[in-house]
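A look at the structure
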Amino acid sequence: MFKESLPIAYDAPADLKKWPSLRNQRVTGRTPYLVYNCTLADFIRELLAKPIKQISLYDIVTGPQPAFDSTVLSPGDAAEIAMRKDFPKTDVVS
């Protein structure tokens, strides 16, 4: 969850982590592993480009920001952040 009224540092470093899965469901009792790291904006774009069935297997982990209640952002958080007017939509993930 995040606070709409506060700015977000989209260029902040972040990690994309994937949960071990079985039949597209997170495996409980396991921990997510690092897929790669880049900026928060890049990972939001990367996550939302994944097939819908796989999105729930990922988390974005970033440093503390006043706008965030947690350093772990869910796919739902990422989708809401991507719809913000200030979200940088022009960058391309390579």
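Not measured: the values here are computed from a predicted model. (Residues numbered from 1 in each chain as written. Predicted model: local features only at pLDDT ≥ 70, side-chain atom pairs only at ≥ 80, totals over all residues. Heavy atoms only, no water.)

**Quick word on the overall build of the chain**
- Within the chain, the secondary structure is distributed over two helices and six strands.
- Ordered by position from the N terminus, the helices and strands of the chain form the series β-β-β-β-α-β-β-α.
- Against the 2.2 N^0.38 benchmark of 12 Å for 94 residues, the chain shows a C-alpha radius of gyration of 13 Å, consistent with a compact globule.
- Each of the three principal axes of the chain carries a C-alpha extent, and together these read 35 × 25 × 20 Å.
- Partitioning the contacts of the chain with sequence separation of at least 6, the portion at a separation of at least 24 is 61%.
- Only carbon and sulfur atoms are counted for the fraction: they give 58% of the accessible area of the chain, which is about 5,800 Å².
- With 12 positive and 11 negative side-chain charges, the chain shows a spacing of 9 Å between the two charge centroids. (Helix = DSSP H or I, 4+ residues; strand = E, 2+ residues; numbered from the N terminus. Rg over C-alpha atoms; globule rule 2.2 N^0.38 Å. Contact = heavy atoms within 4.5 Å. Areas by Shrake-Rupley, 256 points an atom, 1.4 Å probe, with all protein chains shown as cover. Lys, Arg positive; Asp, Glu negative; His and termini not counted. Charge placed at Lys NZ, Arg CZ, Asp CG, Glu CD.)

**Description of the environment of Thr-31**
- Its place among the elements puts Thr-31 in the loop between β3 (25-26) and β4 (33-39).
- With 34 residues separating them in the primary sequence, Thr-31 and Gln-65 have C-alpha atoms 23 Å apart.

**A look at the nonpolar core**
- The biggest cluster of nonpolar side chains holds 21 residues, and the ones touching the most others in it are Ile-8, Leu-40, Ile-44, Ile-60, Phe-68, Ile-81 and Phe-87.
- Contributions of two or more residues to this core are made by β1 (13-18), α1 (40-48), β5 (58-62) and α2 (75-82).
- By residue number, the principal contributor to this core is α1, which donates five residues.
- Those residues in contact with Ile-8, other than ones at most four positions away along the chain, are Phe-2, Leu-40, Gln-65, Ala-67, Phe-68, Ile-81 and Arg-84. (Core = buried A, V, L, I, M, F, W, Y, C linked by side-chain atoms within 4.5 Å. Buried < 20%, exposed > 50% of the residue type's maximum accessible area, 1.4 Å probe, protein only.)

**Things to note about unusual backbone geometry**
- One non-glycine residue, Arg-23, lies in the positive phi region at around 55 degrees.
- Secondary-structure assignment places Arg-23 in the loop between β2 (21-22) and β3.
- Even without being glycine, Asn-24 reaches a positive phi, approximately 60 degrees.
- With respect to the helices, strands and loops of the structure, Asn-24 is situated in the loop between β2 and β3.
- Classification of Asn-24 by relative accessible area gives partly exposed; the value is 34%.

**Observations concerning the pairing of β1**
- Only one face of β1 is buried: it carries Ala-14, Leu-16 and Lys-18, and the other face, with Pro-13, Asp-15 and Lys-17, is open.
- One ladder, built from six bridges, connects β1 with β4; its direction is antiparallel. Within β4, the position partnered with Lys-18 by the bridge is Tyr-33.
- Pairing geometry for β1 and β5, over five bridges, is antiparallel. Its bridge partner lying in β5, Ala-14 is registered against Thr-62. (Pairing = 2+ DSSP bridges.)

**Section: the packing of aromatic side chains**
- Applying the stated rule across the entire model yields two aromatic pairs.
- On the basis of an interplanar angle of 90 degrees and a centroid distance of 5.3 Å, the ring pair of Tyr-10 and Phe-87 is categorised as edge-to-face. Here Phe-87 lies in the segment after α2 and Tyr-10 lies in the segment before β1, a separation of 77 residues in the sequence.
- According to the relative accessible area criterion, Phe-87 is buried, its value standing at 8%.
- Relative to Phe-43, the ring of Tyr-36 lies with its centre 5.0 Å away and its plane at 35 degrees, an arrangement referred to as tilted.
- For Tyr-36, a relative accessible area of 29% puts it in the partly exposed group. (Phe/Tyr/Trp six-rings, centres within 6.5 Å; stacked < 30°, edge-to-face > 60°.)

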